[in-house]
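Coordinates in review
Each chain, written out:
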Amino acid sequence: MQDGNALAVSADEKTTASREKGLNRVLEILDFLHTTQRAIGIGDLAKGVNAPRSTTYTLVRSLVDAGLLEMAGDGNRVYFGKKLYLYGMDYVRGNDLLRRGRQEVDHLSRETGETSELCMLQSGRYTIVHSSPGTRPFRISSATGLQIPLPWTASGRLLLAGLERAEVEAMVSEDDLVLPDGRKLRLDDFIDDIAKARVTGYCVTSGLVDAYTKCLAAPVFSAPGKVEATMCLVVPIDTSEERTGSLIGLLRDRAGRLSIGG
């Protein structure tokens, strides 16, 4: 027979496991809403995170009560709440690189008329943490919070600079190598591009995400050889070589200002 202490330990372990499972469900809900980028019904949310509807409803109700989520539309859909926005603003105020980076991105966009971005790694994905639209009559698709497979971007090649091949392979799946138009990049070519970007100190990619744009990126360093972020410009694919060179020079200068010791 089990003694009282053993039973108590077993109960504590079950309670801890239950709490951890509940926390994981909450994180899955937040990640799913971030991925979908829209308010969603609780039934669809439950399917999206592969959880029982009753469990999802209970967690959503708790998150709504806490102000982290809000009911939207007819009250049957849910999305992020104002408190998460306030937490995000606290993060911006407390993160010197992001605070200064937002200012540099906005200034660069005004100076060049081109769409400008500050990008970082988040959960193994290239993530736009701040974007400022250009002044062209047509708008280039770029949104804060957007996550894109690393091989699709110039920034991705810089963000992985300095990593060993095994580390790159661990972060890039076969699906990540398939471009939106169906073309598939070779992993060896992508790794070669990373090495070249590390040497040149910038990267240019053309026609990867779409057939109409090219991306220019420069690294922001948090320590010698460690790329913490990138600044990039998204420009029409027919931008002249002369203008492209000029924009790369500006990017490298602005990224240098943000770098440690810059």
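Report on the accompanying structure. Per chain, the residues get numbers from 1 upward, laid out in the order the sequence is written. Owing to the predicted nature of the model, reporting of local features is limited to residues with pLDDT of at least 70; listing and counting of side-chain atom pairs is limited to 80 or more, with chain, interface and lining totals taken over all residues. The side-chain values count all of the structure's non-hydrogen atoms but skip hydrogen atoms and water molecules.

Each helix and strand counted, the protein chain has 9 helices and 9 strands in total. Considering only intrachain contacts with a sequence separation of at least 6, the fraction spanning at least 24 residues in the protein chain is 53%. As presented, the protein chain carries roughly 14700 Å² of accessible surface, and 53% of it is formed by carbon and sulfur atoms. Helix and strand definitions here come from DSSP, where helices need a minimum of 4 consecutive H or I residues and strands a minimum of 2 consecutive E residues; each element is numbered from the N-terminal end. The contact definition used throughout considers only heavy atoms, calling two residues in contact when any of these lie within 4.5 Å. The accessible surface values rely on the Shrake-Rupley method and a 1.4 Å probe; as for residues, cover is taken only from the protein chains in view.

Attention now moves to the sheet that holds strand 1 (residues 40-41). By this definition, two strands are paired if DSSP reports at least two bridges between them. What the 3 strands build is an open sheet, ordered 1-3-2; its pairing is antiparallel. Each of the sheet's edge strands pairs with one partner strand only, and the pair in question is strand 1 and strand 2 (69-72). Two elements, strand 2 and strand 3 (residues 77-80), share 4 bridges in a ladder whose sense is antiparallel. When the bridges of strand 3 are listed, A72 appears paired with R77. In this description, a line fitted to the C-alpha atoms serves as the axis of each element, helices being fitted only across the stretch in contact, and the angle between N-to-C directions of two axes falls anywhere from 0 to 180 degrees. Its contacts with the sheet place helix 3 (residues 53-65) against strand 2 and strand 3, and it is angled at close to 105 degrees to strand 2.

Moving on, we get to the packing of aromatic side chains. Ring pairs are drawn from Phe, Tyr and Trp, using the six-membered ring of Trp, whenever the two centres fall within 6.5 Å, and their geometry is named by plane angle: stacked under 30 degrees, edge-to-face over 60, tilted for the rest. The tally for this structure, following the rule as stated, stands at 1 aromatic pair. On the basis of an interplanar angle of 50 degrees and a centroid distance of 5.0 Å, the ring pair of Y79 and F80 is categorised as tilted.

The rule for a salt bridge is simple: a side-chain nitrogen of Lys or Arg has to be within 4 Å of a carboxyl oxygen of Asp or Glu. Applying the stated rule across the entire model yields 18 salt bridges. The shortest N-O distance in the salt bridge between R254 and E111 comes to 2.6 Å. Here the residue R254 occupies a position in helix 9 (residues 241-258), and E111 occupies one in helix 5 (residues 96-112), the gap between them amounting to 143 residues. The shortest N-O distance in the salt bridge between R186 and D188 comes to 3.6 Å. Of the residues examined, D188 reaches a relative accessible area of 33% and is grouped as partly exposed. Burial here depends on accessible area, computed with a 1.4 Å probe over protein chains only, as a share of the maximum for the residue type. Under 20% is buried, over 50% is exposed, and the range in between is partly exposed.

Here V64 is to be found in helix 3. Expressed as a C-alpha distance, the spacing of V64 and Y79, which sit 15 residues apart in the sequence, is 9.3 Å. In this structure V64 touches L69, E70, M71 and V78, once residues within four positions along its chain are discounted.

This part is about the side chain of K214. Assignment of secondary structure puts K214 in strand 8 (residues 213-223). We define a polar contact as two N or O atoms separated by no more than 3.5 Å, with the added condition that, inside protein, one atom must be a possible hydrogen donor and the other a possible acceptor, whereas residues neighbouring each other in sequence contribute only through side-chain atom pairs. At a separation of 3.2 Å, a polar atom in the side chain of K214 contacts the main-chain carbonyl oxygen of T239. Separated by 3.0 Å, the side chains of K214 and T244 make a polar contact. When sequence neighbours within four positions are dropped, the list of residues in contact with K214 reads V204, T205, S206, L233, V234, V235, P236, I237, T239, E241 and T244.

Y126, L160, V168, F190, I194 and C232 are the most contacted members of the largest nonpolar core, which totals 24 residues. Within the residue set of this core, elements represented by two or more residues are strand 5 (125-132), helix 6 (154-159), helix 8 (187-200) and strand 8. The element best represented in this core is helix 8, accounting for 4 residues. Aside from chain neighbours lying at most four places away, what touches F190 is L150, P151, R157, L160, V168 and V172. Note on terminology: a nonpolar core comprises buried Ala, Val, Leu, Ile, Met, Phe, Trp, Tyr and Cys residues joined through side-chain atoms within 4.5 Å. Of all hydrophobic cores here, the second largest spans 19 residues; its members include L108, L216, A218 and L251.

Turning to the environment of M231, a few remarks are in order. As for its placement among the helices and strands, M231 is situated in strand 9 (residues 226-236). Taking the C-alpha atoms as reference points, M231 and E104, separated by 127 residues in sequence, lie 8.9 Å from one another.

This part takes up the pairing of strand 9. With 9 of 11 residues buried, strand 9 lies mostly within the body of the structure. Across 5 bridges, the pairing between strand 4 (residues 115-122) and strand 9 is antiparallel. Within strand 9, the position partnered with T115 by the bridge is V234. Where strand 8 and strand 9 come together, 10 bridges link them in antiparallel fashion. Bridge pairing in strand 9 places V220 opposite A229.

Pairing of strand 1 with strand 3, which is carried by 2 bridges, proceeds in the antiparallel orientation. What sits directly across from I40, in strand 3, is V78. Here strand 2 hands over to strand 3 after 4 residues, with G73 in that stretch at a positive phi of 60 degrees.

Where helix 4 (residues 82-94) contacts helix 5, the two axes come as close as 5 Å, and the packing angle between them is 90 degrees. As the angle between them shows, helix 4 and helix 5 are arranged roughly perpendicular. Across the interface between the two elements, Y91, V92, R93 and G94 from helix 4 touch D96, L98, R99 and R102 from helix 5. Looking at the contact of helix 4 with helix 5, its residues break down into 3 nonpolar, 1 polar and 4 charged. Oblique is the label for any angle not under 35 degrees, not over 145, and not in the 65 to 115 range, which are roughly parallel, roughly antiparallel and roughly perpendicular in turn. Ten residues, namely Ala, Val, Leu, Ile, Met, Phe, Trp, Tyr, Cys and Pro, are considered nonpolar, four, namely Asp, Glu, Lys and Arg, are considered charged, and the remaining ones, Gly among them, are considered polar.

Interpretation in functional terms is not warranted from these geometric data alone.
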